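Coordinates in review
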Amino acid sequence: MELKEKLLSSFLAFENQVDVDTYVHDIRSNAIKAFETKGFPNKKDEAWKYTSLNKILKEDYSVFSKEENALEYSDVKKYFIHDIDSYKIIFIDGKYSSHLSETTHEGMDVCLMSAALTKPKYRLVIENYFNKIAKDDSLASLNTAFSHEGAFINIPKNKLAEKPIQIIHFSTGNEAALMLQPRNLIVVGENSHVQIIERHQSLTSNPVLTNSVTEIFANKRAIVDYYKVQNDEQNASLIDNTYINQKQQSHVSLHTFSFGGKLTRNNLNFYQNGERIDSTLKGVTIIGDKQHVDHNTLVHHIEPNCESHQDYKGIFGDNSTGVFNGKVVVEKEAQKTNAFQANNNILVSDKASINTKPQLEIFADDVKCSHGCTIGQLDESAMFYLRSRGIPEKEAKALLMYAFANNVLESVKIPQLKKRITKLIANKLGVNIGFDL
Amino acid sequence: MLKIKDLHASVEDKTILRGINLEVKAGEVHAIMGPNGSGKSTLASVIAGKEEYEVDKGDIILEGNDIGELEADERAHKGVFLSFQYPVEIPGVSVTNFMKTAINETRKARGLADMPANEMLKLIREKAELLEIDRKFLSRSLNQGFSGGEKKRNEIFQMAMLEPKLAILDETDSGLDIDALRIVANGVNKLKSKDNATIVITHYQRLLDYIVPDYVHVIYDGRIVKSGGKELAHELEEKGYDWIKEEVNA
């Protein structure tokens, strides 16, 4: 059975399992209809011209994990940023693991989507925020139809979340092939501040396809720092759909570190609904083999006096392929917008490729917008300089590539995470040199 | 220390060195002078192992070993150091991290363990002091936004850290004001010993007032056309290079 048919036929069984709350039920029912009409995207869609899902959709995925699977912390510790105190919302094959998690309801809610969708006390938050900014395209609709579990973070106003929150989705490989559809909702109140780290991690080489939707609401003057660590196994693919709604004077930064996985597609959408908003989108991609990473970003400047900063760096080896499609829309009312976009790439192998496409749609006349993309090789004179000091070719290359990616790391605000990412980069580049910062 | 025999080299099929012969003994300072485009910097790059330069003929012997076929980093491991005329800016790599990597990679190549962190810090502090380098400077990105003088001091700082057997200073005086020149020269002089050697490449005699050479060679059109003592540098300063050209072309 084709995956689409399998999903459609699973929907009824799924809806029967979860509580049939009318409000969410209607949303889910409409969403499955949207997915049924649209189907999976294909290369005829402009936004999917360079990323084909055909191969990964051919796997015979289980739509739900059949059993509860457990993991010992010691076995998966390395996937945590374990040297910091943090809240943890952990899922194993799509199911919540209370054993590995550390949630809270004290002063704020760091808990589960399944609870938020069913408990009356969250009713108002759900009605105000759930599925308000997620698009109704096929993949987001598919996720909405099956929305049930994920992270739910609700921070009231004037609250500084004193420790970061880690959201990790593990897949155990107990299913021959598994499809996961986590749904996260994050609401950050006025003047509040939170740091979040998200990771999807397969533990075997069994195929996993994750189609994730995250909605983030940053209210007035809220500060949200979000980090996505994508360093998955060779048969794990991720379609990440993230939507961020910002109110006036809020600052949201989102860093995406893509070092692994078979196919990774990041649909990242920022909507600026207020003045003096700052949006930062940064990414480092370092891949090889036949890996594929696609960053598809949108920043929608709707009101005046706002800024956006996009900085994506890519290093592509072997037969890997990359896509950067960065769209910036500046509405007529959005005067005095400062929108910057940069996408710089290094191709380390002759067989690697990158398609990069900035798209600027500017309707205001008093704005500063810039974009630049480069595709290059390593600088020969810099190579000679490093090697003349005794640094061998491989290490010199790594050092230059590290330096190339480094300015994206500079804005990572959690030192332990920065250190970890630095290490991942060193590993990825195949060297062990003193990258301590 | 260094023996160069009948060295011919070219870049992109253009012949630049046309038979260089040079012997530098341990403890000596040799100055190489010459008009622009004569091949001075090419000689420096060829000794250091820059890939774009093709050695067409001849040998480069360092302490009895032919290093002509070695990679630049392997030559560095054997004790060759080139102070660049135009040090390359490398954003994102701090001076300290760069030095740590260079030292430990060199140690690794020589079969030594990494230098302990405290020892490294001490060494960095000591050598930074020698070149009158501020500690803040060490955490900045390598050469990025450095003034001309800072770049050259940084080059000699690296030389002090790596303690090469053969140091080649390529136009180290260019872009230096008199204070920076004194600091750089002082650094080079303090690093001089009976076991190492220095080749100073310069267009002007000025630097040689501070780093006094034992021998002066003049390169013209890819060959050493005249050699002498330090007085030759003064003669060149006074009379320019035209008389050399005339002598050669006569």
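Residues numbered from 1 in each chain as written. Chains lettered and ligands numbered in written order. Predicted model: local features only at pLDDT ≥ 70, side-chain atom pairs only at ≥ 80, totals over all residues. Heavy atoms only, no water.

With respect to the overall build of chain A
Stated formally: Numbering of helices and strands runs from the N terminus; a helix is a DSSP stretch of H or I covering at least four residues, while a strand is a stretch of E covering at least two. Taken over C-alpha atoms, the radius of gyration is set against a globule rule of 2.2 Å times the number of residues to the power 0.38. The classification of residues rests on relative accessible area computed with a 1.4 Å probe and restricted to protein chains. Under 20% of the type maximum is buried, over 50% is exposed, and intermediate values are partly exposed. Using a 1.4 Å probe, the Shrake-Rupley method yields the accessible areas, and only the shown protein chains count as cover for residues.
Looking only at helices and strands, chain A has 10 helices and 20 strands in total. What you see for chain A is a C-alpha radius of gyration of 21 Å, in line with the 22 Å of a compact globule of 437 residues. Looking at chain A as a whole, 61% of its 437 residues are labelled buried. As displayed, chain A offers around 17300 Å² of accessible surface, 47% of which is attributable to carbon and sulfur atoms.

Thoughts on the overall build of chain B
Each helix and strand in chain B was counted, giving nine helices and 12 strands. Here chain B has a C-alpha radius of gyration of 18 Å; the compact-globule value for 250 residues is 18 Å, and the two agree. Judged by the C-alpha coordinates and their principal axes, chain B covers about 60 × 40 × 35 Å. Within chain B, buried positions represent 55% of all 250 residues.

Overview of the pattern of salt bridges
Residues and elements named next belong to chain A. Our working definition: We count a salt bridge whenever a side-chain nitrogen from Lys or Arg sits within 4 Å of a carboxyl oxygen from Asp or Glu.
In total, this model carries 35 salt bridges over all chains according to the counting rule given. When the shortest N-O distance is used, the salt bridge between Glu175 and Lys66 registers 3.0 Å. You can see Glu175 sitting in the loop between strand S5 (165-171) and strand S6 (178-180) and its partner Lys66 sitting in the loop between helix H3 (54-57) and helix H4 (73-76), a full 109 residues away along the chain. Residue Glu175 is classed as buried on the basis of its relative accessible area of 6%. Note that Lys413 and Asp225 form a salt bridge whose closest N and O atoms lie 3.1 Å from each other. Residue Lys413 is located in the loop between helix H9 (393-409) and helix H10 (415-428), and its partner Asp225 is located in strand S10 (residues 223-230); the two are separated by 188 residues in the primary sequence. Residues participating in the shared-partner salt-bridge network are Asp85, Lys88, Glu102 and Lys163.

Regarding the nonpolar core
Short version of the rule: As used in this record, nonpolar core signifies buried Ala, Val, Leu, Ile, Met, Phe, Trp, Tyr and Cys residues forming a set joined through side-chain atoms within 4.5 Å. Two residues form a contact once any of their heavy atoms are found within 4.5 Å.
Of all hydrophobic cores here, the largest spans 119 residues; its most connected members are Leu2, Ile90, Phe157 and Ile199 of chain B. Apart from the residues lying within four places of it in its own chain, the contact partners of Leu2 of chain B are Leu22, Glu23, Val24, Ile47, Ile60, Ile61, Leu62, Leu166 and Ile199 of chain B. In this structure, Tyr87, Ile186, Val224 and Phe324 of chain A belong to the second largest nonpolar core, which totals 31 residues.

Quick notes on the state of the cysteines
Filter applied, for reference: Any cysteine sulfur atom paired with another within 2.5 Å is treated as part of a disulfide.
Within the structure shown, the criterion is met by zero disulfides over all chains. Cysteine Cys306 of chain A is unpaired, with the sulfur of Cys369 of chain A as its nearest cysteine sulfur at 12 Å.

Structural notes on the interface of chain B and chain A
For clarity, the threshold we go by: When two parts are put together, the accessible area they lose, computed with a 1.4 Å probe and summed over both, is reported as buried area.
Each partner contributes residues to the interface: chain B has 34 residues there, and chain A has 24 residues. Across the interface of chain B and chain A, roughly 2200 Å² is buried in total on both sides, 61% from carbon and sulfur atoms. The tally of links between chain B and chain A comes to four salt bridges. For Glu51 of chain B, the salt bridge is made with Arg387 of chain A, and the minimal N-O distance between the two is 3.2 Å.

Description of the sheet that holds strand S5 (residues 65-66) of chain B
Pairing between sheet strands relies on hydrogen bonds along the backbone, with the strands arranged either parallel or antiparallel. Residue and element names in this part refer to chain B. Selection criterion: Paired strands are those between which DSSP finds at least two bridges.
A sheet is described by the order of its strands in space; here four strands give the open sequence S2-S1-S4-S5, paired in antiparallel fashion. Two strands lie at the open edges of the sheet, namely strand S2 (14-24) and S5, each paired on one side alone. Where strand S1 (residues 2-11) and strand S4 (residues 53-62) come together, eight bridges link them in antiparallel fashion. The residue of S4 that forms the bridge with Val11 is Tyr53.

Brief notes about the packing of aromatic side chains
Quick reminder of the rule: Side-chain rings of Phe, Tyr and Trp, where Trp is taken by its six-membered ring, are said to pair if the distance between their centres is within 6.5 Å; with planes under 30 degrees apart they count as stacked, over 60 as edge-to-face, and otherwise as tilted. In this scheme, Lys NZ or Arg CZ marks a charge over a ring once it lies within 6 Å of the ring centre and within 35 degrees of the ring normal.
In total, this model carries 18 aromatic pairs over all chains according to the counting rule given. With centroids separated by 6.3 Å and ring planes inclined at 35°, the aromatic side chains of Phe257 of chain A and Phe259 of chain A adopt a geometry described as tilted. Over the ring of Tyr87 of chain A we find Lys163 of chain A, and its NZ or CZ is 4.6 Å from the ring centre. One Lys or Arg, Lys239 of chain B, reaches over the ring of Trp243 of chain B and ends 4.4 Å from the middle of that ring.

Brief notes about helix H8 (residues 231-239) of chain B
Two residues of an α-helix separated by three or four positions point the same way, owing to the 3.6 residues in each turn. Residues and elements named next belong to chain B. Where we set the bar: This arc is taken over the directions from the axis of the helix to the C-beta atoms.
Among the residues of H8, those classed as buried are Leu232, Ala233 and Leu236. Here the buried residues of H8 occupy an arc of 105° about the axis, which is enough to place them on one side. Across H8 from its buried face, at more than 90 degrees, point the exposed residues Glu231 and Glu238. Those residues of H8 hidden inside the fold are in contact with strand S3 (29-33), strand S11 (215-220), strand S12 (223-228) and helix H9 (242-249). Looking one or two residues past H8, Gly240 carries a phi angle of roughly 75°, positive in sign.

With respect to the environment of Val216 of chain B
All names here are of chain B. Locating Val216 in the fold gives a position in strand S11. Val216 sits in the buried class, given a relative accessible area of 0%. For the pair Val216 and Val29, spaced 187 residues apart in the sequence, the C-alpha separation amounts to 8.8 Å. Apart from residues lying up to four places away in sequence, Val216 is in contact with Ala31, Met33, Lys226, Ser227, Gly228, Gly229, Lys230, Leu232 and Ala233.

So, the sheet that holds strand S14 (residues 278-287) of chain A
Residues and elements named next belong to chain A. Under the convention used in this document: Fitting a line to C-alpha atoms yields each axis, with helices limited to the stretch in contact; the angle taken between N-to-C directions then spans 0 to 180 degrees.
Spatial strand order, S2-S1-S5-S8-S10-S12-S14-S16-S18-S20: 10 strands in an open sheet with mixed pairing. Strand pairing shows two members of the sheet lacking a second neighbour, strand S2 (95-96) and strand S20 (368-376), which therefore form its edges. Pairing analysis gives 10 bridges linking strand S16 (residues 307-316) to strand S18 (residues 338-347), with the strands arranged parallel. Bridge assignment links Ser308 to a residue of S18, and that residue is Ala339. The strands that H9 touches are strand S12 (251-258), S14, S16 and S18; relative to S16, the one it contacts most, it runs at about 155°. Of the strands in this sheet, strand S8 (193-202), S10, S12 and S14 are in contact with H10, which crosses S10 at around 25°.

Remarks on the environment of Ile186 of chain A
Residues and elements named next belong to chain A. Its location among the elements puts Ile186 in strand S7 (residues 183-188). According to the relative accessible area criterion, Ile186 is buried, its value standing at 0%. Among residues more than four places away in sequence, those in contact with Ile186 are Ile153, Ile196, Thr214, Glu215, Ile216, Phe217 and Tyr226.

Considering the pairing of strand S15 (residues 292-301) of chain A
Counting buried residues in S15 of chain A gives 10 out of 10 residues, a clear majority hidden from the surface. Of the two faces of S15 of chain A, the one holding His292, Asp294, Asn296, Leu298 and His300 of chain A and the one holding Val293, His295, Thr297, Val299 and His301 of chain A are both buried throughout.

Topic: the environment of Ala128 of chain B
All names here are of chain B. Assignment of secondary structure puts Ala128 in helix H4 (residues 117-130). Of the residues examined, Ala128 reaches a relative accessible area of 3% and is grouped as buried. When the C-alpha positions of Ala128 and Ile156 are compared, they lie 9.7 Å apart, and in sequence the two are 28 residues distant. Setting aside residues up to four positions removed in sequence, Ala128 forms contacts with Ile133, Leu138 and Phe157.

Considering the confidence of the model for chain B
Our working rule: On a scale of 0 to 100, pLDDT captures the predictor's confidence in every residue.
On average, residues of chain B carry a pLDDT of 92, and 100% of them reach 70 or more. For this predicted complex, the interface confidence score (ipTM) comes to 0.95, while the overall pTM stands at 0.84.

Here we look at a positive patch on the surface
All names here are of chain A. Test applied: Patch criteria: residues need more than 30% relative accessible area and no salt bridge. Like-charged residues are merged within 9 Å; nonpolar side chains of Val, Leu, Ile, Met, Phe, Trp and Tyr are merged within 5 Å. Neither His nor the chain termini are counted; the positive set is Lys and Arg, and the negative set is Asp and Glu. Where a charge sits is defined by one atom per residue type, namely NZ (Lys), CZ (Arg), CG (Asp) or CD (Glu).
Among the surface-exposed residues, Lys55, Lys58, Lys262 and Lys290 lie close enough to one another that they form a single positively charged patch. Among the structural elements, Lys58 can be located in the loop between H3 and H4. Taking relative accessible area as the criterion, Lys58 reaches 69% and is therefore assigned exposed.

Points about helix H1 (residues 3-17) of chain A
Residue and element names in this part refer to chain A. The condition that has to hold: Multiplying one less than the number of residues by 1.5 Å gives the expected span of a helix. Bend, in this description, refers to the angle at a residue between axes fitted to the seven residues ending there and the seven starting there.
Helix length check: H1, at 15 residues, gives a terminal C-alpha distance of 20 Å against a target of 21 Å (1.5 Å per residue), a fit within 8%. The largest bend in H1 amounts to roughly 35° and is located at Phe11. Contacts from the buried residues of H1 go to helix H2 (22-38), H3, helix H7 (138-145), S6 and strand S9 (208-218).

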